[in-house]
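Take a look at the letters that make up each chain.
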Amino acid sequence: MSATVELTKENFDQTVTDNEFVLIDFWAEWCGPCRQFAPVYEKAAEDNPDLVFGKVDTEAQPELAAAFGIQSIPTLMIVRDQVAVFAQPGALPEAALTDVIGQARKLDMDQVRQQIAEQQAQQQGNGQGA
């Protein structure tokens, strides 16, 4: 049995809302680097059973790929507390994936949300000619 969850437009929002830490692999069957990354991703899923590892087939779910502006695959995205904290195209080697997961685990989400709020406030301030 796979340790990963197939994400679709039907279950995506619910999965991200119900879980505080979700990794998402945007991939396609025809993509060579995606197929090379798959066993690395699957092993990371088995090594981190407390996290949700999802996969989005960009061919079957073009709306999801478009919604996240996925330009190249594979792209790995990490969502914590419904905030995308990491997104990077390219197949990561096992050590790099492990490191990224470790860094994402250590994030202070209160601090991340504060930074986002500050950025949004600056953008709104700039938009009003302030």
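Residues numbered from 1 in each chain as written. Predicted model: local features only at pLDDT ≥ 70, side-chain atom pairs only at ≥ 80, totals over all residues. Heavy atoms only, no water.

Some remarks on the environment of Trp 30
How we decide: Secondary structure elements are defined from DSSP: runs of H or I of at least 4 residues count as helices, runs of E of at least 2 residues count as strands, and each element is numbered from the N terminus. In what follows, a contact means two residues having at least one pair of non-hydrogen atoms within 4.5 Å. We call two N or O atoms a polar contact when they sit within 3.5 Å, provided that within protein one can donate a hydrogen and the other can accept it, with sequence-adjacent residues counted only if both atoms are side-chain atoms.
The residue Trp 30 is located in the loop between strand S2 (21-27) and helix H2 (32-47) in this model. Here the alpha-carbon distance between Trp 30 and Glu 59, two residues 29 residues apart in the chain, equals 9.3 Å. Apart from the residues within four sequence positions on either side, Trp 30 is in contact with Arg 35, Glu 59 and Ile 73. Of note is the side chain of Trp 30, whose polar atom sits 3.1 Å from the side chain of Glu 59.

Points about the packing of H2 against helix H4 (residues 94-106)
Applied cut-off: Angles run from 0 to 180 degrees between N-to-C directions of axes, and those axes are lines fitted to C-alpha atoms, restricted for helices to the stretch in contact. We call two directions roughly parallel when the angle between them is under 35 degrees, roughly antiparallel when it is over 145, roughly perpendicular when it lies between 65 and 115, and oblique otherwise. Should the near helix be turned anticlockwise from the far one by less than a right angle, the crossing is termed left-handed; should it be turned clockwise, right-handed.
Running from N to C, H2 and H4 point in directions that differ by 40°, and their axes come no closer than 10 Å. In terms of orientation, H2 lies oblique with respect to H4. Handedness of the crossing formed by H2 with H4: right-handed. In this structure, H2 uses Phe 37, Val 40, Tyr 41, Lys 43 and Ala 44 to contact H4, whose residues at the interface are Glu 94, Leu 97 and Ile 101.

So, unusual backbone geometry
Applied cut-off: Relative accessibility under 20% of the residue-type maximum defines a buried residue, over 50% an exposed one, and the middle range a partly exposed one, all with a 1.4 Å probe and only protein chains included.
In this chain, Ile 73 is followed by Pro 74 through a cis amide linkage whose omega measures 0°. Mapped onto the elements of the fold, Pro 74 is located in the loop between helix H3 (62-67) and strand S4 (75-80). Although it is not a glycine, Asp 81 sits at a positive phi angle of roughly 50°. Within the secondary structure layout, Asp 81 lies in the loop between S4 and strand S5 (83-89). Looking at Asp 81, the relative accessible area reads 28%, which means it is partly exposed. Phi angles above zero are rare outside glycine, and Gln 82 is one such case at about 65°.

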